[in-house]
Structures are given as C-alpha cells and as structure tokens.
Amino acid sequence: MTRFSTGKKIALLIDPDKTSENHLTKVISASESVKIDVFLIGSSILLRNSVAWVVQFIKKRSSIPVYLFPGSVMQICDNADGILLLSLLSGRNPELLIGQHVLAAPSLKAARFDIVPTGYLLIDGGIRSSVEYMSNTQPIPADKIDIAVCTALAAEQLGMKSVYLEAGSGAKNPVSASLIAAIRKNVSIPIWVGGGIKTPESALSACNAGADIIVVGTIFEQNIELITPIADAIHQLNK
C-alpha cells in the first residue's frame, strides 16, 4: 500500500467501452507528460470484452501503474499491476458485498498482483448514477455525514486498505469537502475520491479536506487537455 499511502495523487479512470487505440494513444501521451500516478480500468457495465486488451495496450506504452476497477468478476484479468477489490459497503446487495468476490478469488490468487481491499461508498452526487442503477443500491445522502463516517470506519475495522468515495460518473456535485474531512478525522487508510471533479479547484478542495487520491474520468473523455491543470494542481501539494 505504500504506492497510495504517501503524498497526493491523481488517478485516471478509463472505461474500456469508451476508448479506442487512437484515444488511448492520446490519453497515454497526455498522462505521461503530467505524471498521472495510476490508471484505473473498469466500468459499471461491459459491452465489449476489452479489459485485458486495454491493460495490455497501456502497459506496452507506459510505465504508469495499471489497476483494475471492476464492476463485476467479468472485468478481471491477470495482466494488470493490481486491483482495487471493491466491496460496496454503502449498499446491501450481497453480490457486491461478497458474492462477486468469492467467484473472483481463484483468479485473483492465480494473478499474483497487488490486491487492495477497498470499501466502496456511493455518495449522492445529484444524479442517478450508473453504479446506483447497476448495483440496485441507494447512495448515502450527501448530508448524512455520520452514516458515511461510520461506513468508512467499518471498512477500516474490517481490515480494508482504502476507502473510495464515489459521487458517480458525471455527477453534478462532487463529494463535499465537509464529508471528506469528517471521514479523514476517523480513518487512517487512504481515501480515494471520484465523481464530479471537473476543475483544479474542486480537486484541491477534496485534497485539502483529506483525500489522498483524486479520480477523474468523464471530464477527460470530453477534453483530454484538462488533464494538465488538474494534475498540476494536485502534484503542487506535494512540494
């Protein structure tokens, strides 16, 4: 976990269904130039069996670590550097709490890569997200900070190595600084924050509140050039 436990970092989430060789080539070039810290590969739904291909394409052209961010056991491959093994603690769907994990366990053992058990918390971002719909669970209301804190605390007590706060792809509202700060006061494990982060200001707000890794995705699908100011803002905090 040393890779994610020191300094502020930025992760770029790539949806295998929304990319191509040409797009990936541009993303890799831009990511290398601004020192993206980690690629996350995954989707709420997978229309093409392309996770392994995307991982391989990136690893042949970049030294940036590639971690799986799977929506299901079908999105697991053995050529990545690691996986965020997500347990959807904000919901009560047993398949996403433990069911998919049991199915994936033999493949993960054989893969022999870095496994990061992660408490996954959906936070209401002002829209009904793909994750909410596909997981058949409700997000934690943005103003129910006590529930979010207790859920993150439970993740740490269960032995999970990080917690991921997810407002949803394309969220209107990112996870609030007050919610992030409250969780930071109660857990010592790394905090990932994603969904609705579209500007350097919103990234800095999350980092200053206690986020360790900022995850961006949708905004870069729309405009790759926005990688630079957001990544620069985050990395400036480490100087």
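You'll find the structure just up there.
Because the structure is predicted, anything quoted here is derived from the model rather than measured.

This part covers the environment of G119. Locating G119 in the fold gives a position in strand β5 (residues 114-122). According to the relative accessible area criterion, G119 is buried, its value standing at 0%. Taking the C-alpha atoms as reference points, G119 and L86, separated by 33 residues in sequence, lie 6.0 Å from one another. Once residues within four sequence positions are removed from consideration, G119 is found in contact with S87, L89, A155, M160, S162, V163 and Y164.

This brings us to the sheet that holds strand β8 (residues 213-216). Here we have eight strands rolled up into a closed barrel, ordered β1-β2-β3-β4-β5-β6-β7-β8, and parallel in their pairing. When the angles between neighbouring strand axes are averaged without regard to direction, this sheet yields 30°. Note: strand β7 (residues 191-194) against β8, three bridges, orientation parallel. What sits directly across from G194, in β8, is V215.

It is worth spelling out the packing of aromatic side chains at this point. Where two aromatic rings form a pair, the distance of their centres and the angle of their planes describe that pair. Using the criterion set out here, one finds seven aromatic pairs in the structure. When the centroid spacing of 5.2 Å and the interplanar angle of 75° are considered together, the rings of F4 and Y67 count as edge-to-face. One end of the pair, F4, is in helix α1 (residues 2-5); the other, Y67, is in strand β3 (residues 66-68), with 63 residues separating them in the sequence. There is no split in this pair, since F4 and Y67 are both buried. Measuring from centroid to centroid gives 5.3 Å for W53 and F57, while their planes differ by 40°, and the two rings are tilted. Linking W53 with F57, this pair stays in helix α3 (residues 51-61), spanning four residues, or about one helical turn. Taken together, the aromatic side chains of F4, Y67, F69, Y120, Y164 and W192 make up a single cluster linked through ring pairs.

What counts and what doesn't
- Residues numbered from 1 in each chain as written.
- Predicted model: local features only at pLDDT ≥ 70, side-chain atom pairs only at ≥ 80, totals over all residues.
- Heavy atoms only, no water.
- Helix = DSSP H or I, 4+ residues; strand = E, 2+ residues; numbered from the N terminus.
- Buried < 20%, exposed > 50% of the residue type's maximum accessible area, 1.4 Å probe, protein only.
- Contact = heavy atoms within 4.5 Å.
- Pairing = 2+ DSSP bridges.
- Axes fitted to C-alpha atoms, helices over the stretch in contact; angles between N-to-C directions.
- Phe/Tyr/Trp six-rings, centres within 6.5 Å; stacked < 30°, edge-to-face > 60°.

In short, the description is geometric, and any link to function would need to be established separately.
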